[in-house]
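Read off the chains here:
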There are 2 protein chains.
Amino acid sequence: MSEFDLRTFLPYLLNQAAEETSLGFSRVYKDRYGMLRTEWRVLFHLGRYGDMTAAEIGRRAKMHKTKISRAVAALEAKRFVTRREDSADRRRETLTLSAQGRRAFDDLVVVAEAHDTRLTANLSAGERAVLIDCLQRLAGFGKGVEPAIDGYKQDEYQ
Amino acid sequence: MSEFDLRTFLPYLLNQAAEETSLGFSRVYKDRYGMLRTEWRVLFHLGRYGDMTAAEIGRRAKMHKTKISRAVAALEAKRFVTRREDSADRRRETLTLSAQGRRAFDDLVVVAEAHDTRLTANLSAGERAVLIDCLQRLAGFGKGVEPAIDGYKQDEYQ
DNA sequence: TCTTGTTGGTTACAAATACAACCATTACCC
DNA sequence: GGGTAATGGTTGTATTTGTAACCAACAAGA
């Protein structure tokens, strides 16, 4: 029988840790605002990094454009987001948080920060630094926006 | 504007890292054997930890029993897994890999090991050790099987 | 033994996701 | 300018997943 152990296999371990750590937070945005994961991601991008188009969110968050399209539609229905057509390029629509959307964002940021603090409470400062650094490298952050690989278009994740 | 940054928020970062690192491997089990993530997880549990029932896999892998039920049905249809009814308790069925299932497992283990090696190639031994340790703690590993929390039954994950 | 509860497992239906196709607009280039 | 490709975004349909309900078998206590 092989030495191979699932408990040190990164894709498995990362998925388990991701699910476990996401649970508490997802319960909040779900119960409090009826949001899905895709929706809070879009909300957070707009709230934290400012107005941008759906395509730009897609590149930053590595979400497929259909997910974004539906998340934006849902956020719009909740009156959290508004669209403004770009007059220079009529394909593009810039997305903005409404006042209500910003209130939800501000509220959820507090929850997220508290949740994150709780999650890292058992880690030393050094451990946390290494963890974040490794995860960012594994996630491909800090490479700007990924170069296209294997014939994938940048835009066409998932 | 808040200081909060998605790029250090663990639930987000872990999800991104998990997706990114899972991609290469999932392509293999999908293309080569038409498996889903749930299916390779079941296959790996049986291949690595020996015969067990669906419920036991569920406890170990924190997968909901419906996911397991369907994954097992799919693996059975592919002739990778067989069931054997427990004569002492006729509710339980012990699952076993067929010879064909074991070949698939052996093949995928090699792929998984190579993939994991590639993923950690840029990490120092120390970084890797810290990473694995932190992830196992975040994932709740090593606590045996989780105590019930908040009125969740052990069995009823997700 | 009855009856109430738990466990192992499947099924049905709703919600969410992936994937491909599509439309409109803009960019490139002959 | 006109054809071809690329980009931004939406929609339709097939797969997957989540959730609840269900059935059968066992457990425990009155």
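Residues numbered from 1 in each chain as written. Chains lettered and ligands numbered in written order. Predicted model: local features only at pLDDT ≥ 70, side-chain atom pairs only at ≥ 80, totals over all residues. Heavy atoms only, no water.

### Quick notes on the sheet that holds strand β3 (residues 93-97) of chain B
Residues and elements named next belong to chain B. Just so we agree on the cut-off: Being paired, for any two strands, means DSSP has found at least two bridges between them. Each helix corresponds to a stretch of at least 4 residues labelled H or I by DSSP, and each strand to a stretch of at least 2 residues labelled E; elements are numbered beginning at the N terminus. Residues count as neighbours in contact if any of their non-hydrogen atoms are within 4.5 Å of one another. Each axis is a line fitted through C-alpha atoms, taken for helices only over the stretch in contact, and angles between the N-to-C directions span 0 to 180 degrees.
With antiparallel pairing, three strands are arranged side by side in an open sheet as β1-β3-β2. Among the strands making up the open sheet, the edge pair consists of β1 (52-53) and β2 (81-85). Note: β1 against β3, two bridges, orientation antiparallel. From the neighbouring strand, T53 faces β3, where its bridge partner is T94. Contacts from helix α2 (residues 37-49) reach β1, β2 and β3 within the one sheet, and its direction differs from that of β3 by about 85 degrees.

### Topic: the interface of chain A and chain B
Counted only if it meets this: As used here, buried area is the combined drop in accessible area, with a 1.4 Å probe, of two parts when they are placed together. Between Lys or Arg on one side and Asp or Glu on the other, a salt bridge is scored when a side-chain nitrogen of the former is within 4 Å of a carboxyl oxygen of the latter. Two N or O atoms count as a polar contact when they lie within 3.5 Å, although within protein this holds only if one can serve as hydrogen donor and the other as acceptor, and sequence-adjacent residues are included solely when both atoms are side-chain atoms. Here the term charged refers only to Asp, Glu, Lys and Arg, the term nonpolar to Ala, Val, Leu, Ile, Met, Phe, Trp, Tyr, Cys and Pro, and the term polar to all other amino acids, Gly among them.
Taken together, the contacts link 62 residues of chain A with 62 residues of chain B. Of the roughly 6,200 Å² buried between chain A and chain B, counting both surfaces, carbon and sulfur atoms make up 62%. Three residues stand out in chain A for area buried against chain B, namely F4, R7 and R48 of chain A, and they jointly supply 10% of the buried area on that side. One salt bridge connects E20 of chain A with K62 of chain B, and the closest N-O pair in it is separated by 3.3 Å. At the junction of chain A and chain B, the tally comes to 22 residue pairs in polar contact (both at pLDDT 80 or more). Broken down by secondary-structure element, the contributors of at least two residues to the side of chain A that touches chain B are α1 (10-33), α2 (37-49), α3 (54-61), α5 (99-119) and α6 (125-139) of chain A. For the side of chain A that touches chain B, the element with the highest residue contribution is α1 of chain A, accounting for 15 residues. Here the residues of the side of chain A that touches chain B sort into 29 nonpolar, 14 polar and 19 charged.

### Observations concerning the protein's contact with DNA strand D
Basically, it comes down to this: In this text, near means that some heavy atom of the residue lies within 4 Å of the molecule or strand in question.
In the region of DNA strand D, 23 residues are neighbours, and A55, S69 and R83 of chain A together with K67 and R70 of chain B sit closest. Across the atoms of DNA strand D situated within 4 Å of the protein, the share located in sugar and phosphate is 58%. Note that a base oxygen of DNA strand D is positioned 2.9 Å from one of the side-chain N or O atoms of R70 of chain A. R91 of chain B places a polar side-chain atom, nitrogen or oxygen, 3.4 Å from a base nitrogen of DNA strand D. Contributions of two or more residues to the surface near DNA strand D are made by α3 and α4 (65-77) of chain A together with α4 (65-77) of chain B.

### Some words on the pattern of salt bridges
All names here are of chain B. Put simply, the test is: Only protein chains enter the accessibility calculation, which uses a 1.4 Å probe; a residue is then buried when its area is under 20% of its type maximum, exposed when over 50%, and partly exposed in between.
Within the structure shown, the criterion is met by 22 salt bridges over all chains. Two residues, R128 and D116, come together in a salt bridge whose shortest N-O distance is 3.4 Å. With R128 in helix α6 (residues 125-139) and D116 in helix α5 (residues 99-119), this residue pair connects regions lying twelve residues apart in the sequence. Taking the relative accessible area as the measure of exposure, R128 reaches 28% and is therefore partly exposed.

### Looking at the nonpolar core
Definition in use: Grouping buried Ala, Val, Leu, Ile, Met, Phe, Trp, Tyr and Cys residues that are joined through side-chain atoms within 4.5 Å yields what is termed a nonpolar core.
Counting 90 residues, the largest nonpolar core has F44 and L135 of chain A together with L43, F44 and L135 of chain B as its most contacted members. Excluding anything up to four places from it in sequence, F44 of chain A contacts F25, Y49, F105, L108, V109 and A112 of chain A together with F4 and L6 of chain B.

### Thoughts on the sheet that holds strand β2 (residues 81-85) of chain A
Residue and element names in this part refer to chain A. With respect to topology, three strands assemble into an open sheet ordered β1-β3-β2, the strand pairing being antiparallel. Across the chains shown, the open sheet's two edge strands, defined by having one partner strand only, are β1 (52-53) and β2. Taken together, the five bridges between β2 and strand β3 (residues 93-97) define a ladder with antiparallel strand orientation. Its bridge partner being in β3, E85 is matched across the sheet by E93.

### Focus: α2 of chain A
Residues and elements named next belong to chain A. Going by this rule: A helix is expected to reach a length of 1.5 Å times the quantity of its residues less one.
Between its first and last C-alpha, α2 extends 18 Å over 13 residues, near the 18 Å set by a 1.5 Å rise per residue. Taking burial as the measure, the 13 residues of α2 include eleven buried ones, the bulk of the element. Residues T38, E39, W40, R41, V42, L43, F44, H45, L46, G47 and R48 constitute the buried set of α2. Of the residues flanking the end of α2, it is G50, one or two places downstream, whose phi is positive at about 90 degrees.

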